[in-house]
Amino acid sequence: MTAHSSGVSRRSFLGAAAVGAGAVAADMTALDVLRSPLLASELKRGEKRVILLWLAGGASQLETFDPKPGRPTGGPYRAIPTAEPGIHVSELMPKFAQRIKHTAIIRSLDTKIADHGQAARLMHIGRRDEPSLRYPDLGAILARELGQADSRVPDYVNFYTATEGRGSGISQAGFLGARYNAMFLTEQNTPQNLHKLEEINDLDHVERAELRNLLTARFARGRESAPLASHNEAYARVRGLMASEKLFDISGEPQRIREMYGPTLFGEQALIARRLIEAGVPFVKVSRAWWDSHGQNFETHLELVTELDHVMSALVDDLQARGLLEHTLIVTLSEFGRTPVINASLGRDHFASAWSVSLTGCGIRGGTVYGASDEDGQTVKDGKVGAGEVFATIFQALGLDHQKHYEVGIRPVPLTDIGTKPIKEVLA
Amino acid sequence: MFPPVGLPLETVRMRCLLYLGCCALVALHSVRAAAGGELLSPDAPPEQAIDHYIDTRLQRVGVSPAPQADDANLLRRTMLDLVGRPPTALEAKAYLACQDSAKRLQTVERLMASPAFVRQQAAEFDAWLMEGTRGNIREYLAKAFRENRSWDRMFRELIVGEPDDPKQQGAIRFLAARAKDPDKLTNDTSVLFFGVNVSCAKCHDHPLVDDWKQDHYYGMLSFFSRTFDVGEFFGEREYGRVSFKTVEGESRDAKLMFLTGAVIDEPATPEPDDKAKKEEKKKIDELRKNKEVPPPPLYSRRAALIEAALHDSEQAFFAKAIVNHLFNRLFGRGLVMPVDQMHAESPPSHPELLAWLARDLQTHGYDLRRLIRGIVLSEAYARSSRWDSAAQRPAESLFAVALIRPLKPWQYGTQLKLAATDCQQYPAEMSAEEMDNRMQQLEAAGRALGASFELPGVDFQVGVDEALLLSNGEKIANDLLATGDGSLVGRLAQLSDARAVAEAAIWNVFARPPADDEVKALTDYRSQRADRIEAARRQMVWALLTSSECRFNY
């Protein structure tokens with residue numbers, strides 16, 4: 001489908017330049033993207049980045065951001081005070097509690113849908129599906145809005161190495177087109193096809209691409225087409241993306257940093273996310289599964305929340321130390337929360353009526369809580385919001401107008417459904 | 001039965017306002033179709049009508065179209081469209097050498113009579129009709145195209161279907177793939193068969209098209225609302241109504257209404273009582289258990305949809321939609337764009353042509369071969385895709401210059417496989433039957449390779465995954481750049497003359513005569529690698545295979 005932003009089309013500009021761009025991008029393997037002064041200055045200009053921690057299966061709000069100690073629904077864990085007077089979180093999040101000044105908690109999501117597949121779609125695209133339109137997910141929109149069309153690094157990296165819930169943890173560019181598809185890592189921490197085959201030497205790899213460009217430029221004379229331009233844009237990005245392969249390799253990170261994130265897969269992927277963000281990748285999603293604790297909720301959450309607390313805190317500290325936190329938004333999202341009622345298997349079930357998400361860093365008024373659930377956590381008492389409001393808030397925090405629209409065919413499609421408002425109270 | 005998903009009222013109203021604002025702009029800029037006028041004689045062949053109407057408009061706006069494409073280009077385009085693959089170098093050479101002035105017509109007729117034509121149409125229609133589902137109706141479509149079944153018959157078999165009839169085997173998957181989602185079934189049916197996207201009228205009256213109301217959406221939904229599945233088969237109840245909420249909050253019963261607004265009279269059927277419903281459920285469970293086809297209903301709403309659509313001779317949604325679809329597929333652009341917006345506010349670029357072709361299709365028994373043949377034999381189809389003129393490039397809607405179309409995944413897979421195979425594997429003396437067998441194997445491999453590529457939609461973009469895969473994928477290198485007998489790289493190794501190597505490579509991959517500058521580029525590339533000549537050959541072939549010339553139907 002056609003999707004043009006309302007401003008000057010970046011694509012039409014690139015369309016003309018795409019074939020020539022091949023030569024520019026072709027020698028990028030020599031460039032250390034981490035040390036590139038160009039990229040450093042880009043970040044200084046205030047380019048915004050996002051790390052999404054996707055808690056697949058549905059994390060419990062009661063064992064994280066919205067504890068109900070002493071209530072029948074409260075469970076065994078206590079609430080602890082945070083560095084911000086008056087705000088309490090679960091005792092499973094002591095490190096987070098100390099760093100709350102960077103985070104806003106939203107405790108009043110009512111998203112209606114409580115089955116994994118549909119709810120996960122809702123929380124990925126921020127609105128309900130429509131039969132006639134394939135919406136892009138948050139990552140694809142941000143890849144487009146925050147990335148650069150000729151970027152040398154990927155603009156949407158999606159880790160989902162667990163198998164549970166992967167089918168629901170969608171990643172779709174929808175009407176924005178394949179240019180904004182995620183680099184999707186399901187098997188290992190390094191993407192496929194970034195590595196040159198042994199059989200070809202580096203110079204030949206560069207020069208055969210130049211030969212390709214020459215043949216293609218010859219073909220493209222007198223021919224104009226956006227798909228044709230995109231074909232050459234894709235090849236022009238190959239060498240740059242290959243250069244980014246080392247971003248996925250954490251073996252060179254100082255031991256101190258690796259220990260800070262911890263030896264878990266989630267921790268390692270969060271560290272890779274930081275490396276990617278630092279090199280200019282606008283959107284990285286790290287998925288952690290499987291939070292779906294229908295039985296033994298408290299054991300599951302003891303393990304998973306403790307890890308989340310550790311990894312989030314490592315990210316906050318590390319990004320802050322590097323001066324990146326003010327440019328980087330860390331979001332925790334799930335498809336839904338978990339029931340206040342504890343079932344016979346000591347589990348909590350799917351619950352979309354009153355649950356929580358957190359926003360940390362860029363554009364966020366830290367140390368705040370927005371909205372409230374009732375005393376047992378059964379309903380939203382105050383400040384009810386849905387997926388659309390959370391998305392609008394994310395866009396605003398990143399300096400994007402949530403009402404900006406794409407033209408899809410003849411139809412204007414805004415970033416969030418019309419009438420959706422961002423949650424001003426949590427914005428800086 | 002299917003409660004409307006409620007958008008907040010405010011959202012709906014604001015969306016409409018925004019929409020209307022945008023539409024006003026569209027309306028201002030769009031030139032209204034010239035009203036009335038006699039159509040060209042119905043006796044003319046479709047290709048003549050296509051050129052008549054397109055040329056008339058070109059003359060009116062004072063644009064000279066691009067010249068006809070050269071023979072090699074046109075052969076490649078025609079073969080990709082009709083049989084799903086480009087020519088081999090030998091086929092292209094033979095075509096170029098042929099002096100017969102009727103060679104184009106003969107080639108089109110030969111291609112359309114070949115089994116490969118059936119496979120390609122089945123692949124195209126399957127990709128189109130089943131996109132976004134997990135189903136596949138390729139086998140059914142191949143049967144239908146082999147017999148040249150009419151489009152109205154295929155429509156009936158896909159929507160109503162008689163699973164006991166072996167001729168219709170597999171058709172039911174069109175429904176099966178959508179049965180769980182009545183909204184999708186309704187909208188897909190409207191988009192695919194009538195060129196109308198009604199989903200906008202689900203939550204509110206269509207803001208763009210005056211005469212499309214929620215009544216139309218739920219009217220269309222009603223055709224499917226009584227359908228239920230029993231495993232792999234479908235039954236239809238004889239009762240049940242759809243009700244919906246209007247934007248004002250009023251609850252309304254949907255009428256059985258086609259897009260034209262025609263309301264279908266049907267036998268009144270009271271809602272059964274609870275006991276009867278329980279019995280019905282028991283019966284359905286049994287059918288499911290025994291894997292039996294449910295008995296047909298006394299009155300079928302799905303069959304009523306077929307009748308309504310085929311009786312709509314005035315607006316001819318059904319005929320116009322397939323004309324527009326095939327135009328879009330074969331020209332890279334429909335007469336109405338977007339193709340799912342065939343309504344008063346989205347006028348055709350050539351209204352008389354659309355009307356003429358729709359009438360022609362109706363009076364010739366919905367024969368798709370006639371339509372495809374007409375398009376492919378038109379001069380408009382045969383134009384060059386290159387605009388070399390100093391004059392400004394004309395608007396796409398004039399069909400003055402051919403558009404570049406990304407290959408479908410199976411076409412690209414087959415193109416790559418064929419280009420990487422030494423063309424002498426398919427010598428001219430090979431029998432047509434043997435050639436077709438070999439091509440079927442190649443297509444199967446091409447289809448497997450094509451699974452890595454995306455099906456192009458409107459404004460398709462090539463993703464970087466594809467470029468990375470073709471640049472660094474080990475299987476790709478082993479497969480397409482193999483050095484053994486029968487491969488292109490292997491054949492190049494047998495040639496010693498640098499120029500001969502370059503020319504053979506270009507012929508084999510592009511199926512056209514080489515030009516001096518590209519021959520020079522390839523020979524230079526090779527001569528710089530005298531110490532690693534085999535690597536050089538593989539790299540040259542890689543550069544040819546990955547160039548845009550291979551990726552597109554131009």
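Residues numbered from 1 in each chain as written. Chains lettered and ligands numbered in written order. Predicted model: local features only at pLDDT ≥ 70, side-chain atom pairs only at ≥ 80, totals over all residues. Heavy atoms only, no water.

## Overview of the overall build of chain A
- Within chain A, the regular secondary structure consists of 12 helices and 17 strands.
- Counting every position in chain A, which comprises 428 residues, the buried fraction comes to 63%.
- Taking the intrachain contacts of chain A between residues at least 6 apart in sequence as the baseline, contacts between residues at least 24 apart amount to 77%. (Helix = DSSP H or I, 4+ residues; strand = E, 2+ residues; numbered from the N terminus. Buried < 20%, exposed > 50% of the residue type's maximum accessible area, 1.4 Å probe, protein only. Contact = heavy atoms within 4.5 Å.)

## Description of the sheet that holds strand S6 (residues 157–159) of chain A
Residues and elements named next belong to chain A.
- Spatial ordering of the open sheet is given by S7-S6-S8-S2-S9-S12-S5-S13, a layout of 8 strands whose pairing is mixed. Two strands bound the open sheet, and with one partner strand each, they are strand S7 (183–185) and strand S13 (368–370). Geometrically, the sheet is characterised by an average inter-axis angle of 15° between neighbouring strands, direction not taken into account.
- In terms of strand pairing, strand S5 (residues 103–109) meets strand S12 (residues 355–361) through 5 bridges, oriented antiparallel. Bridge assignment links Thr-103 to a residue of S12, and that residue is Thr-360.
- The sheet contacts of helix H10 (residues 265–278) involve strand S2 (49–56), S6, strand S8 (283–289) and strand S9 (328–333), and relative to S8 the element is tilted by about 175°. (Pairing = 2+ DSSP bridges. Axes fitted to C-alpha atoms, helices over the stretch in contact; angles between N-to-C directions.)

## Comments concerning the interface of chain B and chain A
- Taken together, the contact pairs 67 residues of chain B with 61 residues of chain A.
- Carbon and sulfur atoms make up 58% of the surface buried where chain B meets chain A, a total of about 5,600 Å² over both sides.
- Looking only at chain B, the three residues that lose the most surface to chain A are Arg-386, Gln-461 and Asn-472 of chain B, adding up to 12% of its buried area.
- Connecting chain B to chain A are 6 salt bridges.
- Residue Asp-517 of chain B pairs with Arg-218 of chain A through a salt bridge whose shortest N-O separation is 2.9 Å.
- Counting across the chain B and chain A interface gives 23 residue pairs in polar contact (both at pLDDT 80 or more).
- Among the secondary structure elements, those contributing two or more residues to the side of chain B that touches chain A are helix H1 (9–29), helix H10 (182–194), helix H19 (464–472), helix H20 (474–480), helix H23 (516–527), helix H24 (533–545) and helix H25 (548–551) of chain B.
- No other element matches the 9 residues that H19 of chain B contributes to the side of chain B that touches chain A.
- Taken together, the residues of the side of chain B that touches chain A sort by class into 31 nonpolar, 17 polar and 19 charged. (Buried area = accessible area lost by both parts, 1.4 Å probe. Salt bridge = Lys/Arg side-chain N within 4 Å of Asp/Glu carboxyl O. Polar contact = N/O pair within 3.5 Å; in protein donor to acceptor, adjacent residues only side chain to side chain. Nonpolar A, V, L, I, M, F, W, Y, C, P; charged D, E, K, R; others polar.)

## Considering the nonpolar core
- Counting residues in hydrophobic clusters, the biggest one holds 104 residues, and the most contacted among them are Phe-125, Leu-129, Trp-151, Phe-193, Phe-194, Phe-258 and Phe-327 of chain B.
- Discounting chain neighbours no more than four positions away, the residues touching Phe-327 of chain B are Ile-50, Ile-54, Gly-332, Arg-333, Gly-334, Leu-335, Leu-353, Leu-357, Ile-375 and Phe-399 of chain B.
- Counting residues in each nonpolar core, the second largest holds 98 residues, with Phe-248, Ile-277 and Val-316 of chain A together with Leu-416 of chain B among its members. (Core = buried A, V, L, I, M, F, W, Y, C linked by side-chain atoms within 4.5 Å.)

## Observations concerning the pairing of S12 of chain A
Residue and element names in this part refer to chain A.
- Judged by how many residues are buried, S12 sits mostly within the fold: 7 of 7 residues are covered.
- Here S9 runs beside S12; their pairing, made up of 4 bridges, is antiparallel. Counterpart to Ile-330 in the pairing with S12 is Thr-360.

## Notes on the pattern of salt bridges
- This structure, assessed with the given rule, holds 73 salt bridges over all chains.
- Note that Arg-274 of chain A is salt-bridged to Glu-253 of chain A, the shortest N-O span being 2.8 Å. With Arg-274 of chain A in helix H10 and Glu-253 of chain A in the loop between helix H8 (238–243) and helix H9 (255–261), this pair connects stretches of sequence that are 21 residues apart. By the burial criterion, Arg-274 of chain A is buried, and Glu-253 of chain A matches it.
- Ionic pairing is found between Lys-167 of chain B and Glu-147 of chain B, a salt bridge with its closest N-O pair at 3.7 Å.

## Topic: helix H5 (residues 138–146) of chain A
- Among the 9 residues that make up H5 of chain A, 9 are buried, leaving the element largely enclosed by the rest of the structure.
- Regarding H5 of chain A, the residues found buried are Leu-138, Gly-139, Ala-140, Ile-141, Leu-142, Ala-143, Arg-144, Glu-145 and Leu-146 of chain A.

## Examining the environment of Ala-304 of chain B
Residues and elements named next belong to chain B.
- By secondary structure assignment, the location of Ala-304 is in helix H13 (residues 301–311).
- C-alpha separation for the pair Ala-304 and Glu-266, spaced 38 residues apart in sequence, amounts to 8.9 Å.
- Excluding its chain neighbours within four sequence positions, the residues that come into contact with Ala-304 are Phe-223, Ile-264 and Tyr-299.

## Re the confidence of the model for chain A
- When pLDDT is averaged along chain A, the result is 88, and 89% of the positions lie at 70 or above.
- Confidence drops under a pLDDT of 50 for residues 1–45 of chain A, and excluding neighbours within four residues, the segment shows 89 contacts in the predicted structure. (pLDDT = per-residue confidence, 0-100.)

## Structural notes on the packing of aromatic side chains
- What the rule picks out here adds up to 29 aromatic pairs over all chains.
- Between Tyr-156 of chain A and Phe-283 of chain A, the aromatic rings sit 5.2 Å apart at their centres with planes inclined by 90°, giving edge-to-face as the arrangement. Of this pair, Tyr-156 of chain A sits in the loop between H5 and S6 while Phe-283 of chain A sits in strand S8, and the two are 127 residues apart along the sequence. A single burial state applies to Tyr-156 of chain A and to Phe-283 of chain A, both of which are buried.
- A centroid spacing of 4.9 Å and a plane angle of 45° characterise the contact between Tyr-412 of chain B and Phe-453 of chain B, whose relative ring orientation is tilted. On the criterion of sequence distance, the pair formed by Tyr-412 of chain B in helix H17 (residues 409–420) and Phe-453 of chain B in the loop between helix H18 (432–450) and H19 is long-range, its members being 41 residues apart. The same class applies to Tyr-412 of chain B and to Phe-453 of chain B, which are both buried.
- Here the aromatic residues Phe-125, Trp-128, Phe-145, Trp-151, Phe-155, Phe-174, Phe-193, Phe-194, Phe-258, Phe-317, Phe-318 and Tyr-366 of chain B are joined through ring pairs into a cluster of three or more.
- Looking at Lys-93 of chain B, its charged tip hangs above the ring of Trp-507 of chain B, at a distance of 4.8 Å from the centre.
- Taking the ring centre of Phe-174 of chain B as reference, the NZ or CZ of Arg-178 of chain B above it sits at 4.1 Å. (Phe/Tyr/Trp six-rings, centres within 6.5 Å; stacked < 30°, edge-to-face > 60°. Lys NZ or Arg CZ within 6 Å of the ring centre and 35° of its normal.)

## Things to note about helix H12 (residues 387–397) of chain A
Residue and element names in this part refer to chain A.
- Most of H12 is tucked away: 9 of the 11 residues are buried.
- Here H12 has its buried residues at Ala-387, Gly-388, Val-390, Phe-391, Ala-392, Thr-393, Ile-394, Phe-395 and Ala-397.
- For H12, the secondary structure elements touched by its buried residues are S5, helix H4 (116–125), H5, S9 and S12.

## Let's talk about the side chain of Glu-157 of chain B
All names here are of chain B.
- Structurally, Glu-157 is set in helix H8 (residues 151–159).
- Judged by relative accessible area, which is 4%, Glu-157 ranks as buried.
- A distance of 2.5 Å separates polar atoms of two side chains, one belonging to Glu-157 and the other to Tyr-140.
- With sequence-adjacent residues up to four places away left out, Glu-157 is seen in contact with Tyr-140, Arg-149, Gln-168 and Ala-171.

## Here's the deal with the environment of Ser-373 of chain A
Residue and element names in this part refer to chain A.
- Mapped onto the fold, Ser-373 is located in strand S14 (residues 372–373).
- Overall, Ser-373 belongs to the buried group, its relative accessible area being 4%.
- Along the sequence, Ser-373 and Leu-427 sit 54 residues apart, while their C-alpha atoms lie 21 Å from each other.
- Apart from the residues lying within four places of it in its own chain, the contact partners of Ser-373 are Asp-66, Lys-68, Arg-107, Ala-354, Thr-379, Val-380 and Lys-381.

## As for the state of the cysteines
- Taken as a whole, this structure holds 0 disulfides over all chains when the rule is applied.
- For the unlinked cysteine Cys-98 of chain B, the closest cysteine sulfur is that of Cys-423 of chain B, found at 19 Å. (Disulfide = S-S within 2.5 Å.)

## Some thoughts on the pairing of strand S17 (residues 411–414) of chain A
Residues and elements named next belong to chain A.
- Neither face of S17 is exposed, since Arg-411 and Val-413 on one face and Pro-412 and Pro-414 on the opposite face are all buried.
- Pairing between strand S16 (residues 405–408) and S17: 4 bridges, direction antiparallel. Note on S17: the bridge partner recorded for Val-408 is Arg-411.
- Hairpin connection between S16 and S17: a loop of 2 residues separates the two successive antiparallel strands, and Gly-409 in this loop has a positive phi of roughly 60°.

## What about unusual backbone geometry?
- Of the consecutive residues Ala-289 of chain A and Trp-290 of chain A, the connecting peptide bond is found in the cis state with omega at 20°.
- Looking at the element boundaries, Trp-290 of chain A is found in the loop between S8 and helix H11 (297–321).
- Unusually for a residue other than glycine, Leu-346 of chain A sits at a positive phi of about 55°.
- For Phe-399 of chain B, which is not glycine, the phi dihedral falls at a positive 55°.
- Counting through the fold element by element, Phe-399 of chain B comes out in the loop between helix H16 (368–377) and strand S5 (405–406).

## A closer look at the packing of helix H14 (residues 317–331) of chain B against helix H15 (residues 351–363) of chain B
Residues and elements named next belong to chain B.
- Relative orientation of the contacting elements H14 and H15 amounts to 115°, with a least axis distance of 9 Å. Judged by the angle between their axes, H14 and H15 are roughly perpendicular. Where H14 crosses over H15, the two elements pack in a sense that is right-handed. Counting all contacts with H14, which are made through Ala-319, Lys-320, Ile-322, Val-323 and Phe-327, the residues of H15 involved are Leu-353, Leu-354, Ala-355, Leu-357, Ala-358, Leu-361 and Gln-362. (Parallel < 35°, antiparallel > 145°, perpendicular 65-115°, else oblique. Left-handed = near helix turned anticlockwise from the far one by under 90°.)

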